[in-house]
Amino acid sequence: MTDIELARIPAGVVTLRDARRGEQREVTLEPYEIGVYPVTEAQLTEVLGIPMRHPRRPAADLSWLRAIHFCNAASEWEGLDQVYLFDGEEVAWDTTADGYRLPTEAEWEFACRAGSTGPHYAPLADAAWTSADGVSSPQDVGGKLPNLHGLFDTLGNVWEWCWDLLDPARYDDYRVFRGGGFADDAWSVRASVRRGGAPRMHHEDVGLRLARGAFDTLEQAQGWSGRADRERAVQDGPLPSGWTPRRR
């Protein structure tokens, strides 16, 4: 497989915000690794056999489930422990396994910010492919400025899937993606913006970036826990119109 280049991210603290609930929380992170670039079409082709047209462009039009399968397949390719366990389309994370995985939201935002406190780590035109560039598809990775962690394309180009549920009380099993895409205006291409989609959903501007890092605790890692997901899924009182609560 074409090498997956990872950067070592130091321990630190990141503040995550939930606009709907009007909440924010601080997450203390252990060191972990994350991809210097999004996964490319060439890497997707080598691992999953999906035909490619542009080897250096970020792999896109990928569902969350396909991203999860890619993580396991890349781990198997390199002789690492697979991180994800399947029961049909239900996916569990073995947090003690050291293979490739999706970052948590906390890991993603901390890595993207690289010490910056504003919405972008550099002037957006220098850091990200957005609608202002007038492009009609993802662009080759590494074409804009990296952040201080040496990561390219965390903002713009393609959104990137994370492990976390978006809002289980409102959106059932929707998963988070972060970072903005090539067709998005500046207000969407910010380190704090959250979007999401169903596990089988795929769009031309959603891809993935790999992470690595194992933990001693089960169902708990880097700002995520299964228990918190279950608690967030509880909706007391009448169900607001349009909500699809998490199945229990």
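On a predicted model such as this, the values are computed, not experimentally measured, just so you know. (Residues numbered from 1 in each chain as written. Predicted model: local features only at pLDDT ≥ 70, side-chain atom pairs only at ≥ 80, totals over all residues. Heavy atoms only, no water.)

A. Molecular detail of helix α1 (residues 41–48). When α1 is considered as a whole, its buried residues turn out to be Glu-41, Ala-42, Gln-43, Leu-44 and Val-47. Packing partners of the buried residues in α1 comprise α2 (64–77). Positive phi shows up at Gly-49, right after α1, with a value of about 75 degrees. (Buried < 20%, exposed > 50% of the residue type's maximum accessible area, 1.4 Å probe, protein only. Helix = DSSP H or I, 4+ residues; strand = E, 2+ residues; numbered from the N terminus. Contact = heavy atoms within 4.5 Å.)

B. Geometry of the environment of Ala-11. Structurally, Ala-11 can be placed in the loop between β1 (6–9) and β2 (12–18). The contacts of Ala-11, once residues within four sequence positions are left out, are Leu-29, Glu-30, Pro-31 and Phe-110.

C. Examining the side chain of Asp-205 more closely. As for its position among the elements, Asp-205 is in the loop between β9 (194–197) and β10 (206–207). There is no salt bridge for the buried Asp-205, and the closest opposite charge comes from Arg-195, which lies 9.3 Å off by N-O distance. (Lys, Arg positive; Asp, Glu negative; His and termini not counted. Salt bridge = Lys/Arg side-chain N within 4 Å of Asp/Glu carboxyl O.)

D. Representation of unusual backbone geometry in the model. Positive phi values are uncommon outside glycine, yet Ala-114 reaches one of about 50 degrees. Here Ala-114 shows up in the loop between α3 (105–113) and α4 (124–127). Note on Ala-114: relative accessible area 12%, which makes it buried. The backbone of Asn-157 shows a phi angle near 70 degrees, a positive value even though the residue is not glycine. Turning to its location among the elements, Asn-157 is positioned in the loop between α4 and β7 (159–165). The buried category is assigned to Asn-157, whose relative accessible area is 0%.

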